[in-house]
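# Notes for the structure review
Now for the letters of each chain:
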Amino acid sequence: MKRRILTPLFLLLCLCVSGASVKGDEKGPTADEIINKHLEAVGGRAALAKFKTRVALGTIKKEDEPEGKMAIMSEAPNRLSVFYGFRDYSLQMIYDGKGAYIRPALPRQVSYLTDKYQEMMASGLMFNGISLYNLLAASEPGTLKFEAKGTKKVDGRTAYVVQVKPPKGSAMRLYFDTETYMWVRTDYGKASVSKEMGTFTNDVVNQGGSELTVDFYVETSDFRDVDGVKLPFKFEQVMTAPIMRQKATGTIIGTIREYQHNVKIDPNMFQ
């Protein structure tokens, strides 16, 4: 009797274990496949290569301030200039193809934040697909090393995670919607900031508050067809004090009103 009872149970257990193993061995697309499908989904390398300049115009929202003007200007192959017109000052971030700059300059006491923002601008991965300075579209196949890191939820939707190390700076993680293959998020790494900082002036000092670890990221959404390619019309970007006034860290929201392609950009915008 014992043998007759144990044998079916044992076989059932074996089947359950076998089924779990098969499911666990299922593999998703490789990192290169994800990148290639993303480029196809947005229009293809050939369509993207037709653009030599791109200007994204819209508005930027920070904390409880009124919306200000915003412009993201890029020029192939590797120049990027960003203008945020906040209520009390205008912030400009530039990558001229060799170095990154922030104006007005952040105080020396928070130079580590300057380093982080400059690393992001120089990475070729800033603003996901908004900028023409885009390592995914501009680089030749096989020149960058990508590694698939499974999936993760982004705003309630499942996304493939791909890790890449750009020529400059640390490794970053890119997220692509598993259904649309749109580039929906980039993680640029962490930095620590003081929970207590002053306002954005030359007198900003670390007031000795406890530190807060910040995950820097940009998320993009509201993808639409523009001149034969799909581009995002909304982005969310993590920023820190002293740019943020009310808290040590927060997000700003950019809403793009229009894109302009192959227009002349004043060279001074990259200086």
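Residues numbered from 1 in each chain as written. Predicted model: local features only at pLDDT ≥ 70, side-chain atom pairs only at ≥ 80, totals over all residues. Heavy atoms only, no water.

## What to know about the layout of surface pockets
- Of the volumes computed, that of the largest pocket is approximately 410 Å³.
- Lining the largest pocket are 28 residues, with L48, A49, L132, A137 and A138 sitting closest to its centre.
- Looking at the lining of the largest pocket, the elements with two or more residues in it are α2 (31–42), α3 (45–49), α5 (135–138), β10 (211–226) and β11 (229–240).
- In this model, the second largest pocket occupies a volume close to 160 Å³. (1 Å grid on protein atoms, 1.4 Å probe; cavity = no way out; pocket = protein on both sides within 12 Å on 5 of 7 lines; lining within 4 Å. Points joined across faces, edges and corners; volume = space filled by probe spheres on them. Helix = DSSP H or I, 4+ residues; strand = E, 2+ residues; numbered from the N terminus.)

## Some points on α2
- An ideal rise of 1.5 Å per residue puts 16 Å on 12 residues; α2 measures up with 17 Å between its terminal C-alpha atoms.
- Along α2, the positions that sit buried rather than exposed are A31, I34, I35, H38, L39 and V42. Looking straight down α2, one finds its buried side chains confined to an arc of 130°; they lie on one side.
- Just downstream of α2 lies G43, where phi reads positive at about 135°. (Expected span 1.5 Å × (residues − 1). Buried < 20%, exposed > 50% of the residue type's maximum accessible area, 1.4 Å probe, protein only. Arc of directions from axis to C-beta.)

## Some details on the side chain of H38
- Tracing the backbone shows H38 in helix α2.
- Of the residues examined, H38 reaches a relative accessible area of 5% and is grouped as buried.
- A polar contact of 2.9 Å, which involves the side chain of H38, links it to the backbone oxygen of Y181.
- When sequence neighbours within four positions are dropped, the list of residues in contact with H38 reads L136, F176, Y181, M182 and W183. (Polar contact = N/O pair within 3.5 Å; in protein donor to acceptor, adjacent residues only side chain to side chain. Contact = heavy atoms within 4.5 Å.)

## Things to note about unusual backbone geometry
- In the segment running from R103 into P104, the intervening peptide bond is cis, with an omega of -5°.
- Its place among the elements puts P104 in the loop between β5 (100–103) and α4 (111–122).
- Cis geometry marks the peptide bond from A241 to P242, where omega comes out at 5°.
- Within the secondary structure layout, P242 lies in the loop between β11 and β12 (249–261).
- Despite not being glycine, D222 has its phi angle at roughly 55°, a positive value.
- Mapped onto the fold, D222 is located in strand β10.
- Phi at N262 is positive, roughly 55°, even though this residue is not glycine.

## Some details on the pairing of strand β2 (residues 68–75)
- Among the 8 residues of β2, 7 are classified as buried, and the element is accordingly described as predominantly covered.
- Taken together, the 8 bridges between strand β1 (residues 53–62) and β2 define a ladder with antiparallel strand orientation. The residue of β2 that forms the bridge with A56 is I72.
- Once β1 ends, the chain turns through 5 residues before running back antiparallel as β2, passing E63 with a positive phi of about 50°.
- By the bridge criterion, 6 bridges tie β2 to strand β3 (residues 79–85) in an arrangement that is antiparallel. Bridge pairing in β3 places A71 opposite F83.
- Hairpin connection, β2 to β3: the antiparallel pair is bridged by 3 residues. (Pairing = 2+ DSSP bridges.)

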